[in-house]
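Okay, here's what each chain looks like letter by letter:
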Protein chains: 2
Amino acid sequence: MEEYLKIIEGQIKSSPFAGKPSNLYDPLNYIISLGGKRVRPVLALMGCSLFDYNWERAIPAAMAVEVFHNFSLIHDDIMDHAVLRRGNKTVHEKWDVPNAILSGDLMLVKAYDWLMKCDTELWHLLFGSFNKMATEVCEGQQMDMNFEVLDSVSENDYLEMIRLKTSVLLGCSIELGAIIARADETDRKKLYQFGVNMGMAFQLMDDYLDTFGDPLSTGKRIGGDIVSGKKTILYIHALNQLGSGFLKDFNHKDLDAETKVGIVKQHYVEAGSDKHLLRISESFYSKAKRELEAVKVPSEKKSDLEKLLGMLQNRAV
Amino acid sequence: MEEYLKIIEGQIKSSPFAGKPSNLYDPLNYIISLGGKRVRPVLALMGCSLFDYNWERAIPAAMAVEVFHNFSLIHDDIMDHAVLRRGNKTVHEKWDVPNAILSGDLMLVKAYDWLMKCDTELWHLLFGSFNKMATEVCEGQQMDMNFEVLDSVSENDYLEMIRLKTSVLLGCSIELGAIIARADETDRKKLYQFGVNMGMAFQLMDDYLDTFGDPLSTGKRIGGDIVSGKKTILYIHALNQLGSGFLKDFNHKDLDAETKVGIVKQHYVEAGSDKHLLRISESFYSKAKRELEAVKVPSEKKSDLEKLLGMLQNRAV
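Criteria and thresholds
Residues numbered from 1 in each chain as written. Chains lettered and ligands numbered in written order. Predicted model: local features only at pLDDT ≥ 70, side-chain atom pairs only at ≥ 80, totals over all residues. Heavy atoms only, no water. Helix = DSSP H or I, 4+ residues; strand = E, 2+ residues; numbered from the N terminus. Rg over C-alpha atoms; globule rule 2.2 N^0.38 Å. Buried < 20%, exposed > 50% of the residue type's maximum accessible area, 1.4 Å probe, protein only. Contact = heavy atoms within 4.5 Å. Areas by Shrake-Rupley, 256 points an atom, 1.4 Å probe, with all protein chains shown as cover. Least-squares fit on C-alpha atoms with pLDDT ≥ 70 in both. Phe/Tyr/Trp six-rings, centres within 6.5 Å; stacked < 30°, edge-to-face > 60°. Lys NZ or Arg CZ within 6 Å of the ring centre and 35° of its normal. Polar contact = N/O pair within 3.5 Å; in protein donor to acceptor, adjacent residues only side chain to side chain. Expected span 1.5 Å × (residues − 1). Disulfide = S-S within 2.5 Å.

Draft legend 1. Seen up close, the overall build of chain A. Counting its regular elements, chain A contains 16 helices and two strands. Taking 317 residues into account, the globule formula puts the C-alpha radius of gyration at 20 Å, and chain A, at 20 Å, falls close to it. Dimensions of chain A, computed from the C-alpha atoms along their principal axes, are close to 60 × 50 × 35 Å. Of all 317 residues assigned to chain A, the portion counted as buried reaches 59%. Contacts in chain A between residues far apart in sequence, at least 24 positions, make up 74% of those at least 6 positions apart. Split by element, the accessible area of chain A, about 13200 Å² in all, is 50% carbon and sulfur.

Structure follows, in structure tokens:
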């Protein structure tokens, strides 16, 4: 894990985006240097080394998914009117919206540039997986935006949205690594499903921590989703259980943020929405484990991926 | 020509972008159905048939460049705060800015989908040319935006900007066609240069018609560039020739649009800026002709491309 992370950070530092005009390229280096868990590129490297293949060959694919992820952050932050990203100004705040749109576009093109550094004989599989993922991520983001103006969202719709917006990129990341390792189709598909289910568990934990996390550990203000009125699975469950009494408090305009977060959290606990979320997250976690177990490599080879899955599931951050 | 256009229009109609949510996909079908000259896809087909190769094999590449072009229109219109596109609402006006950003992103991904429909053995060349072009188009658009806030822009900088923003896509379009026809590297490069020089002449004529065109033929209000204060080659030349006297009128805040356009046009004629522009455009046109002449195919094969070049150069629209 540590080694993979070091390689990724080193690769990012040693291959900065370079070109002119500088205000087009600077945002790319800025956002990718803000850090993050680097889960996606690490998954790509692990998906390759799982098959005892030289995982350094998967570095360009790992960069492709990390660059793609950062492209999506630049554009999502514009769409969400986000001011901060990892405690720093978002790209459109530090530069401006037109600049951020264009730098994001360039970053998407640069993700393909990285993919093109992989073995040409594999391009057919790599580009196929990548482009399907890229399409689905756009669909997920649009669903997420559409939910903002919908009165009610079903749990299934919510789960489908996070599958598209977040999970398929994790699935694609590990699949690209497996493709580079020349894994057969069955194993590739199992690893893709492993990544997708890990992504589901991961995003649900993110939703949980946003409301029930420890501000000291996460370093974030708690209740961001409640304050912004986001229809997470907690909201959907509590609304189903409690109906209009819950809705009145959730939509209350005159409460200060802290009070509102406190009241809504109480509703969530009362309705058992927190436990409901954790149960669903756990079921995706178990599904991911089973997919990994079915991959045809010796089980000792799988310990890194199991550890990563466990870390993401049991994290406080 | 007519046949190629019919094939392109037919292909666009018969392969609509399909998926969910519909407000993500509708803008793609909307913008590509607004029409336009379809110069880029026609160039791709012509670049293929020039070598007596079955030009239908170039249809996916032709679609890729047309889809890419339409992606860039969606995003450029947001950046330029444009309200109308070909007499209809721009995408961000008909939907909204976040929707338009995301639909544009998807359209860029879909351009790659079309490219992936070409023969896999050619992907290396096709993706190489395409991604270089895509990078340069972003650079050109950023230069164009940067010019807006610069006091002075040199003629060379302006020509470099339109080379990147507009011309390389025409060069890439015909090059993709030539790649599919298995043309050798020398011919591919000559055709690329043919397309780039044609693009330069084309864009300069666009600038000319914006100011000196006949509103009845173009169907546009004349003087849009003057009203919006765009630093075209006419502006750069007149400023060099006339200095502050010209600048005062160009930057005048109290004149109504029609009066201002009239006065600035007079300055352009007085300075010989219109003739200067036409001379430069003509030189790119001649350069394009020479590149085409040097391609190693019988000259009767080149008549379609010569005709297209002549049409773009001598157009009133």
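Once the structure has been displayed, the description carries forward.
Draft legend 2. Representation of the relation of the copies chain B and chain A. Mapping chain B onto chain A calls for a screw motion: a turn of 180° about the axis and a shift of 0.0 Å along it, with 0.0 Å RMSD after fitting. The transformation just described matches what one would write down for a two-fold rotation axis. The fraction of interface residues of chain B whose copies in chain A are also interface residues reaches 100%, indicating that both copies meet through the same surface.

Draft legend 3. Broad picture of the packing of aromatic side chains. With the rule as written, the count across this model stands at 30 aromatic pairs over all chains. Judged by centre distance (4.9 Å) and plane angle (90°), the ring pair of Y4 of chain A and W55 of chain A falls under edge-to-face. Taken as a pair, Y4 of chain A in helix α1 (residues 2-14) and W55 of chain A in the loop between α3 (39-49) and α4 (59-79) lie far apart in primary sequence, 51 residues in all. On the basis of relative accessibility, which here comes to 7%, the residue Y4 of chain A falls in the buried class. Here the aromatic rings of Y235 of chain A and F250 of chain A are separated by 4.7 Å at their centres, their planes lie at 55°, and the arrangement is tilted. In this pair, Y235 of chain A sits in helix α12 (residues 233-242) while F250 of chain A sits in helix α13 (residues 244-250), placing the two residues 15 residues apart along the sequence. This pair shows no difference in class: Y235 of chain A is buried, exactly as F250 of chain A is. Put simply, the rings of F68, F71, Y112, W123, F127 and F130 of chain A together with F68, F71, Y112, W123, F127 and F130 of chain B touch in pairs and so form one group of aromatic residues. Over the aromatic face of F250 of chain A sits the side chain of K260 of chain A, whose NZ or CZ is 5.9 Å from the ring centroid.

Draft legend 4. The arrangement of the side chain of N23 of chain B in detail. Position of N23 of chain B among the secondary structure elements: in helix α2 (residues 22-32). A polar contact of 2.9 Å, which involves the side chain of N23 of chain B, links it to the side chain of N146 of chain A. Apart from residues no more than four positions distant in its own chain, N23 of chain B is found in contact with Q142 and N146 of chain A together with W95, N99 and S103 of chain B.

Draft legend 5. Up close: the side chain of H267 of chain B. All names here are of chain B. Looking at the element boundaries, H267 is found in helix α14 (residues 257-271). Assessed through its relative accessible area of 13%, H267 is described here as buried. The contact partners of H267, leaving out residues within four places of it in the chain, are L242, G245, F246 and D249.

Draft legend 6. Representation of α4 of chain A in the model. Residue and element names in this part refer to chain A. Under the 1.5 Å per step criterion, the end-to-end length of α4 is 30 Å for 21 residues, consistent within 8% with the ideal 30 Å. Where burial is concerned, most of α4 is hidden: 21 out of the 21 residues are buried. Trailing α4 by a residue or two, H81 shows a phi angle of about 55°, which is positive.

Draft legend 7. Examining the state of the cysteines more closely. Under the criterion given, the structure shown has zero disulfides over all chains. With no disulfide of its own, C138 of chain A lies 13 Å from the sulfur of C172 of chain A, the closest cysteine sulfur. Exposure remark for C138 of chain A: the relative accessible area of 4% places this residue in the buried category. Between C48 of chain B, a cysteine without a disulfide, and C118 of chain B, which holds the nearest cysteine sulfur, the sulfur-to-sulfur distance is 9.9 Å.

Draft legend 8. Just helix α15 (residues 273-293) of chain A, in detail. Residue and element names in this part refer to chain A. The end-to-end C-alpha distance of α15, which contains 21 residues, comes to 30 Å, matching closely the 30 Å that a straight helix rising 1.5 Å per residue would cover. Listed in full, the buried residues belonging to α15 are S273, D274, H276, L277, I280, S281, F284, Y285, A288, E291 and L292. Elements in contact with the buried residues of α15: α8 (155-180), α9 (185-212), α12, α14 (257-271) and α16 (303-313).

Draft legend 9. View of the environment of E291 of chain A. All names here are of chain A. Within the secondary structure, E291 is located in helix α15. For the pair formed by E291 and G195, sequence separation is 96 residues and the distance between their alpha carbons is 9.1 Å. If sequence neighbours within four positions are ignored, E291 has contacts with K190, Q193, F194 and N197.

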